[in-house]
Amino acid sequence: MTEPAPRDLASDPAADTDADLDADPGHDSAIAVVGMSGRFPGAPDLDAYWANLRDGVCAITDFTEAELLADGADPEELRGADHVPAKGYLADADRFEAELFGFNRTEAAALDPQHRVLLETAWAALEDAGHDPLAVPVRTGVYVGGSPTEHMLAAHTDRRLAASLGAMQIRILTDREFLAPWISYRLGLEGPSLTVQTACSTSLTAVHLAAQALLLGECDTALAGGVSVDSVRRQGYVHYEGGIFSADGRCRPFDERAGGTVPGSGVGVVVLRRLADALADGDPVRAVIRGSALTNDGATKVGFTAPGVEQQTAAIVEAWSAAGLAPSAAQYVETHGTATELGDRIELAAATAAFGGPDGSPGGIGIGSVKSNIGHLDAAAGVASLIKAVLMLEHATLAPTVNVSRPHPDLRMDATPFRVVDGAAPWPLPADGVRRAGVSSLGIGGTNVHVVLEQAPERRGTKTAPRREILALSARTEPALKALAARLATALRAPDAPSLADTAYTLRTGRTPMDVRAYVLASDPAEAADRLTALAEGRDAGGDGDAPDEDGLRGLGELWLKGGSVPWPETLREGRRVSLPTYPFAGDSHGALTLDHRPERPEPATAPGDEDPTAAVLGVLAEALGLEGAVGPETTYFAAGGDSLTAVHLVGRLRDEFGIDVPITVFLEELPLQELAKRIVGSAEQDAAEDSLDALLSEFETE
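Residues numbered from 1 in each chain as written. Predicted model: local features only at pLDDT ≥ 70, side-chain atom pairs only at ≥ 80, totals over all residues. Heavy atoms only, no water.

Peer 1: For this particular structure, what's the right way to read the environment of Ser-474?
Peer 2: Assignment of secondary structure puts Ser-474 in strand S19 (residues 469-475). The spacing of Ser-474 and Tyr-519 is 45 residues in sequence and 8.5 Å in space, taken between C-alpha atoms. The residues touching Ser-474, leaving out its near neighbours within four places in the chain, are Leu-481, Leu-484, Thr-512, Pro-513, Met-514, Val-516, Arg-517, Trp-560 and Tyr-583. A polar contact is formed between the side chain of Ser-474 and the backbone nitrogen of Met-514, at a distance of 3.0 Å. (Helix = DSSP H or I, 4+ residues; strand = E, 2+ residues; numbered from the N terminus. Contact = heavy atoms within 4.5 Å. Polar contact = N/O pair within 3.5 Å; in protein donor to acceptor, adjacent residues only side chain to side chain.)

Here it is, written out as structure tokens:
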């Protein structure tokens, strides 16, 4: 069996293999997956996700009664015979590096948790592709979708929160229609920005739309995926006879014990480029999308929520036709696989009609469903399946569907071209030398998506002479820097570790420089890993401080430590992007609103009617900006995270609570907040609040 290529084998554009690869006519319509990131139940990153998939881990959590009660569960509901205390639970979904994305504490607490984790995941996916998330090339599009959330519903019915931030601000911080625009805005991405909604098939639909946009030339790079964090609380669910959720908290697709799925939370984002561009630019290609298709069942089914055979089959056939391949070229299909009686039966019938051509043989194609591992992630289900398939291609390993024993007899699996993969196994290289998989996702309402994946083209590594390298690291905090150093050390000790030169190049060009910095000098990966481990443990990393600095790297390192940009010499500006550990997000908990009991927000330090109106106004400003404690004498409105919508809201609040009509343009002045409060109290311009809002927004966007 041929071993899979390491995932950093995207070659230098000058390598002598490139011309042959780029001449492949299939590259004209193929899309490269150059970066990925995700957080799934039991897996805070993709390394843990793959380990769980490979090892057949069921990451669905069974909660104790004490855990559920502590998170606000209804005691009477817990005592019900049909209550199931299980979920694909996403840990730490309430944490967020708010400062990195420019949100103050008040905004971060109001921002929906699924917005928070999607922002961080988009950042990490770009880093995985070897790009600085704040310096991504222009014409980068965003195609993502999400689910309804408890936080959003609670925020829209919380009058105190609306009074504090304003109804419009609450909407843009919580509504899922703003998932894509927030990513585009905070990362400065100027391509198309679409929030996609097709129910359970949302995130794979987003991938299809992103691929089409790339082929049409609407963008040159695209982020695609989805998120579903219905609640950050530990929650079970109520099983209803005939419903989609199982009675025992386990999902068993195509199995004789199949009884439905289990709800779950998660997030996933992939970075896509046209394959020809990715190869030319030396991107770290992880897999290739050869084709995709999108259909809807229309009225050809028994009910709105029911699936249909005909258009599921059409989506599969059209996707493989777009790839220029017969469906029988697949060796594996990642199915939607909800383990419901109707869903599994119809999906298998549709797939059999598509894949069971004249060349098909019984059991020749493996099938599975990641829902058995993590539950049904709703809007993020499709991207969870896609990432699983990419990881299997990379590792040339078929990951098992768990909790299954024997196929359901009513499915007549022996009369289909499929077999359920129920144990990890090597993925043999087929006769034509290319491993291929199909990925299906089906949405309530009838939107069917199918994507054709194949392994990345094997490429030779960069030909460079060994030399000493500088690994420049940075983070927001000292603990984050140490965590990053530890992760990088582990990556450099791995059998498929990228070269030291490419690692150093990617760290210099593919990461956002932050304030807390360190550097390591090394001549080979083993030495670099040892010094990174020392850095992570707070020991002397051994920077060769007393040795002559003949190559000038130590001088550059010391300049790096001082902050700002470093004029890296031309010899260090050459290399290729490789996949490296991404930023170790570990922000504070910003909580989440709930429908049952909402956390109390502190009242302003002063209130209207106090003897000191300036102090009262300053308290309102501080509350709206999320400032805690005393306001610093030099803190300005912009520096505290103020923006246009907050300013509009404050004008109305100052009028309502203090009877003060202030000129809205006063917020454009770079005044310390204490001086701003004095200016507001002394304002006598009764009609100033009618100033042009368009002019204000233009000024603020310029800022």
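Peer 1: Whenever I open this one, the packing of helix H21 (residues 613-625) against helix H23 (residues 673-681) confuses me. Can you help?
Peer 2: Helix-helix packing is characterised by the crossing angle of the two axes and by the distance between the axes. Here H21 crosses H23 at 125 degrees, and the two axes come no closer than 9 Å. Between H21 and H23, the crossing angle belongs to the class labelled oblique. Read as a crossing pair, H21 and H23 show a hand that is right-handed. Here Pro-613, Thr-614, Val-617, Leu-618, Leu-621 and Leu-625 of H21 lie close against H23, whose contacting residues are Leu-673, Gln-674, Leu-676, Ala-677, Lys-678, Ile-680 and Val-681. (Axes fitted to C-alpha atoms, helices over the stretch in contact; angles between N-to-C directions. Parallel < 35°, antiparallel > 145°, perpendicular 65-115°, else oblique. Left-handed = near helix turned anticlockwise from the far one by under 90°.)

Peer 1: Sorry if this is basic, but what is going on with the packing of aromatic side chains here?
Peer 2: Aromatic ring pairs are reported here in terms of the distance separating the ring centres and the angle at which the planes meet. Counted according to the given criterion, the structure contains 14 aromatic pairs. An angle of 75 degrees between the planes, with centres 5.9 Å apart, marks the rings of Phe-355 and Phe-418 as edge-to-face. Residue Phe-355 is located in helix H14 (residues 341-355), and its partner Phe-418 is located in strand S15 (residues 418-420); the two are separated by 63 residues in the primary sequence. For the pair formed by Phe-355 and Phe-418, the shared burial category is buried. When the centroid spacing of 5.2 Å and the interplanar angle of 65 degrees are considered together, the rings of Tyr-583 and Phe-585 count as edge-to-face. Under the relative-accessibility criterion, Phe-585 is labelled buried at 18%. Following the ring pairs from residue to residue traces out a cluster consisting of Phe-96, Phe-101, Phe-103, Trp-123, Trp-182, Tyr-185, Tyr-583 and Phe-585. (Phe/Tyr/Trp six-rings, centres within 6.5 Å; stacked < 30°, edge-to-face > 60°. Buried < 20%, exposed > 50% of the residue type's maximum accessible area, 1.4 Å probe, protein only.)

Peer 1: Looking at this structure, how should I read H21?
Peer 2: Residues three or four positions apart in an α-helix share a direction because the helix packs 3.6 residues into each turn. Over its 13 residues, H21 extends 18 Å from the first C-alpha to the last, a length consistent with the 18 Å expected when each residue adds 1.5 Å. Of all 13 residues making up H21, 10 are buried, and the element is well covered by its neighbours. One or two positions beyond H21, positive phi appears at Gly-626, with a value near 75 degrees. (Expected span 1.5 Å × (residues − 1).)

Peer 1: Mind showing me how you'd approach empty space enclosed by the protein here?
Peer 2: Applying the stated criterion to the full structure yields five cavities of 30 Å³ or more. In this structure, the largest cavity occupies an estimated 100 Å³ of space. Along the walls of the largest cavity sit Glu-127, Ala-472, Leu-473, Ser-474, Leu-484, Leu-507, Arg-511, Thr-512, Met-514, Trp-560 and Tyr-583, which together make up its complete lining. For the lining of the largest cavity, the per-class residue count stands at seven nonpolar, two polar and two charged. (1 Å grid on protein atoms, 1.4 Å probe; cavity = no way out; pocket = protein on both sides within 12 Å on 5 of 7 lines; lining within 4 Å. Points joined across faces, edges and corners; volume = space filled by probe spheres on them. Nonpolar A, V, L, I, M, F, W, Y, C, P; charged D, E, K, R; others polar.)

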